[in-house]
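Each chain, written out:
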Amino acid sequence: DPKLTPHVALLPSAGMGHLTPFIRLAVLLTTSNVRVTFITPYPTVSLSESQSLSHLFSTFPRITRKQLHLLPLEDPSAKSEDPFYYHFEVIRHSSHLLSPLLSSLSPPLSALITDMSLASTVIPITDALQLPNYIFFTSSAKMLTLFLSFHIMVDPRDRCETSEMKDFIKIAGLEPIPRSWIPPPLLQDTKNLLKSYFIENGKKMTESSGILVNTNETVDGESLEALSKGKVLRGLPPVHAIGPLPPFNLEQSQPLAWLDDQPPGSVLYVSFGSRTAISREQIRELGDGLVRSGKRFLWVVKDKKVDKEDSLELMDMMGQQLMERMKEKGFVVKNWLNQEEVLSHAAVGGFLSHSGWNSITEALWHGVPMLLWPQHGDQKINAELVERIGVGMWVKSWGWCGEAMVVKGEEIAETVGELLGNQFMRSRAAKVRNEVRMAVDEGGSSYKRLADLIESWKG
Ligand code: BUP
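Residues numbered from 1 in each chain as written. Predicted model: local features only at pLDDT ≥ 70, side-chain atom pairs only at ≥ 80, totals over all residues. Heavy atoms only, no water.

### Here we look at the pattern of salt bridges
Thinking step 1. Under the defined criterion, the tally for this structure stands at 22 salt bridges.
Thinking step 2. Here Arg 280 ties to Asp 303 by a salt bridge, and the two come within 3.2 Å at their closest N and O atoms. With a gap of 23 residues between them, Arg 280 in helix 12 (residues 280–293) and Asp 303 in the loop between strand 11 (296–301) and helix 13 (314–318) connect regions that are remote in the sequence.
Thinking step 3. Asp 303 gets classed as buried once you look at its relative accessible area, which sits at 15%.
Thinking step 4. With a shortest N-O distance of 2.8 Å, Lys 334 and Asp 310 are connected by a salt bridge. With Lys 334 in strand 12 (residues 330–334) and Asp 310 in the loop between strand 11 and helix 13, this residue pair connects regions lying 24 residues apart in the sequence.
Thinking step 5. With a relative accessible area of 22%, Lys 334 lands in the partly exposed category.
Thinking step 6. Sharing partners across several salt bridges, the network here consists of Lys 142, Glu 175, Glu 222, Glu 384 and Arg 388. (Salt bridge = Lys/Arg side-chain N within 4 Å of Asp/Glu carboxyl O. Helix = DSSP H or I, 4+ residues; strand = E, 2+ residues; numbered from the N terminus. Buried < 20%, exposed > 50% of the residue type's maximum accessible area, 1.4 Å probe, protein only.)

### What about the packing of aromatic side chains?
Thinking step 1. Under the defined criterion, the tally for this structure stands at 16 aromatic pairs.
Thinking step 2. Put simply, the rings of Tyr 85, Phe 88, Phe 137, Phe 147, Phe 150, Tyr 197 and Phe 198 touch in pairs and so form one group of aromatic residues.
Thinking step 3. Just above the ring of Tyr 85 sits the side chain of Arg 275; from NZ or CZ to the centre is 5.0 Å. (Phe/Tyr/Trp six-rings, centres within 6.5 Å; stacked < 30°, edge-to-face > 60°. Lys NZ or Arg CZ within 6 Å of the ring centre and 35° of its normal.)

### Some details on the pairing of strand 4 (residues 111–115)
Thinking step 1. The element strand 4 is largely enclosed, with a buried count of 5 among its 5 residues.
Thinking step 2. Neither face of strand 4 is left uncovered, since the one carrying Ala 111, Ile 113 and Asp 115 and the one carrying Leu 112 and Thr 114 both have all their residues buried.
Thinking step 3. Looking at chain direction, strand 1 (residues 7–11) and strand 4 are connected through 4 bridges and run parallel. From the neighbouring strand, Val 8 faces strand 4, where its bridge partner is Ala 111.
Thinking step 4. Pairing of strand 4 with strand 5 (residues 133–137) involves 4 bridges; the strand directions are parallel. Pairing of Asp 115 across the sheet is with Phe 136, part of strand 5.
Thinking step 5. Following the chain from strand 4 across helix 5 (residues 119–128) to the adjacent parallel strand 5, one finds a crossover that is right-handed. (Pairing = 2+ DSSP bridges. Right-handed = clockwise from strand over helix to strand, strands pointing away.)

### A look at the site of the ligand
Thinking step 1. Taken together, 18 residues are adjacent to the ligand, and Ser 274, Leu 337, His 354, Ser 359 and Glu 362 come closest.
Thinking step 2. Taking Ser 359, its side chain carries an N or O atom lying 2.6 Å from an oxygen atom of the ligand.
Thinking step 3. The separation between an oxygen atom of the ligand and a polar side-chain atom of Glu 362 is 2.5 Å.
Thinking step 4. At the level of elements, helix 1 (16–30) and helix 16 (357–366) are the ones that each hand at least two residues to the shell around the ligand.
Thinking step 5. Of the residues belonging to the shell around the ligand, the class tally is 4 nonpolar, 12 polar and 2 charged. (Near = heavy atom within 4 Å. Polar contact = N/O pair within 3.5 Å; in protein donor to acceptor, adjacent residues only side chain to side chain. Nonpolar A, V, L, I, M, F, W, Y, C, P; charged D, E, K, R; others polar.)

Next up, the structure:
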């Protein structure tokens, strides 16, 4: 009975950073008595995406799986710019397959929730079907304010680009943001995938039935208030802060025996997310820095943006000498380990992170203080939010990935020591952990907002 059990379809786009929160939302909805159809654009870019999806469907067989079979794009020249942004285009190119898929679902849908990268593709389709459409923004609310305002800033009829975008970017209702925090492709004069993705989707998502965002007032209070009071943009659809979505450990991975042997709070976990490969030179300096710090560390290393293409051995990346030096206190793995399992482990006392929004929400959830080293995209804007609530350190001079400067081992060692020795930050992280969990527990602010949404889909 749709009056009691609404039927909602979820359509994520490409990359673990976008897929993971959709998986968490699917789990939350299915355990809240919502019928869930999960549409997966197929094939995925990375192996980790297809593996996470297999875990989801085997753990929750009552979630219906539908595949959107992607047609190849004629002109793959833009693929080299970024394989994940390029995949957004591939999905868009196959969007005509979506309407028949949605109409064929039974019982009929109450709503479709899609990713922000697909807003301009999906909204016209759901409008034609008279189906309520929600856009799930998988980064911070602060980033959402930029996403929603960017198309106005670059509009040539508006003079903002030349005057206001000089040293600071001004988003209505918020403190100015230093230009250096803005993802560099957005500031280029030339066309690029990220810029057109921002302009087209940021504009179109204002026509959706609502915007979901994986955050809450503890981390993102300023932006959420500005958004809800109409200060950022007038006439916005409702913004529902429903996060941080609780992590679910779907993987049946081997327990990390090495971590079990380390003292509580002693290990620095190091990872730059699922789609960032830092330079060989910087990897070696980082390795040197970790050894020099004298601290224990667990490090996930990547050589390529896309995991399937990464075949280089650790020894070839690090060199024998560094491998030997790291043996005593470090544990290094290639590409992937179960981050959930790591962050929830008592031995972990700090997280050197690229500031991907999922990594941040997971570290907040587990009360792990962070050393933030943004590499691209939304990450500087995210890092500042964490720094502001006192659970992270951000050395701003370290810069983006690919900037000419390589940060030296000595400096990294010193900062790692500072993070792991910071008792204040540790107790602050424990406090924030409790706060964010309260928000999603029964009766909390995020819990209530999701429950209200589910109610609105009934009947
Ligand atoms: Br690497 C790695 N294990 O080894 P972010 C990542 N993850 O579970 P990103 C693992 O992938 P975007 C690993 O827990 C998080 O949920 C991690 O998302 C998981 O960064 C997710 O942190 C990574 O948002 O995506 O991958 O750079 O650029 O979209 O933020």
